[in-house]
Amino acid sequence: MAKSAFKAKIYGVVQGVGFRYFTARQAAVYDVTGYVKNLPDGTVETVAEGEKDVLENFLKVLKKGPYGSVVENIDIDWQQPANRHQDFRITY
């Protein structure tokens, strides 16, 4: 299977609702590496690396988000994997 990566900017009600923790838990379930962080403009940024089909399923879960969130849009930039991440982290 082919490895891939993406950088996503998630818009909507995604701060103050546990979105980063939800994303980190789902990353463990899907076995992807990378990070998630809140951005000053109220969005959430996620970088993830893994198998392409796994990342697509991971994105489907992120589009739903945790209870209390409202995901309005996700801008996704597919990239070549850089293998920079050994695990998945919440960063600040």
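Scroll up to find the structure this text is about.
What counts and how
Residues numbered from 1 in each chain as written. Predicted model: local features only at pLDDT ≥ 70, side-chain atom pairs only at ≥ 80, totals over all residues. Heavy atoms only, no water. Salt bridge = Lys/Arg side-chain N within 4 Å of Asp/Glu carboxyl O. Buried < 20%, exposed > 50% of the residue type's maximum accessible area, 1.4 Å probe, protein only. Pairing = 2+ DSSP bridges. Helix = DSSP H or I, 4+ residues; strand = E, 2+ residues; numbered from the N terminus. Axes fitted to C-alpha atoms, helices over the stretch in contact; angles between N-to-C directions. Contact = heavy atoms within 4.5 Å. Phe/Tyr/Trp six-rings, centres within 6.5 Å; stacked < 30°, edge-to-face > 60°.

Caption draft 1: Main features of the pattern of salt bridges. Counted under the stated rule, the structure contains four salt bridges. The shortest N-O distance in the salt bridge between Glu45 and Lys37 comes to 4.0 Å. Lys37 sits in the partly exposed class, given a relative accessible area of 24%. Across the pair Asp87 and Arg89 runs a salt bridge, and its minimum N-O distance is 2.9 Å. Judged by relative accessible area, Asp87 falls into the partly exposed class, the value being 33%.

Caption draft 2: Here's a closer look at the sheet that holds strand 3 (residues 44-51). A sheet is described by the order of its strands in space; here five strands give the open sequence 4-1-3-2-5, paired in mixed fashion. Only two strands of the sheet have a single partner each, and these edge strands are strand 4 (70-79) and strand 5 (88-90). Ignoring strand direction, the axes of neighbouring strands in this sheet form an average angle of 20°. Against the sheet, helix 1 (residues 19-30) engages strand 1 (3-13), strand 2 (33-38), strand 3, strand 4 and strand 5, with an angle of about 170° to strand 5. Here helix 2 (residues 52-64) sits on the sheet in contact with strand 1, strand 3, strand 4 and strand 5, set at roughly 150° to strand 3.

Caption draft 3: Layout of the packing of aromatic side chains. Scanning the model with the defined rule gives five aromatic pairs in all. For the pair Phe19 and Phe22, a centre-to-centre distance of 6.2 Å together with 50° between the ring planes defines the contact as tilted. Separated by three residues within a single helix, Phe19 and Phe22 lie in helix 1, roughly one turn from each other. For the residue pair Phe19 and Phe22, the accessibility class agrees, reading buried in each case. Chaining the aromatic ring pairs together yields one cluster made of Phe6, Tyr30, Phe58, Trp78 and Phe88.

Caption draft 4: Highlighting the side chain of Thr33. For Thr33, the location among the structural elements is in strand 2. On the basis of relative accessible area, Thr33 is assigned to the buried category, the value being 17%.

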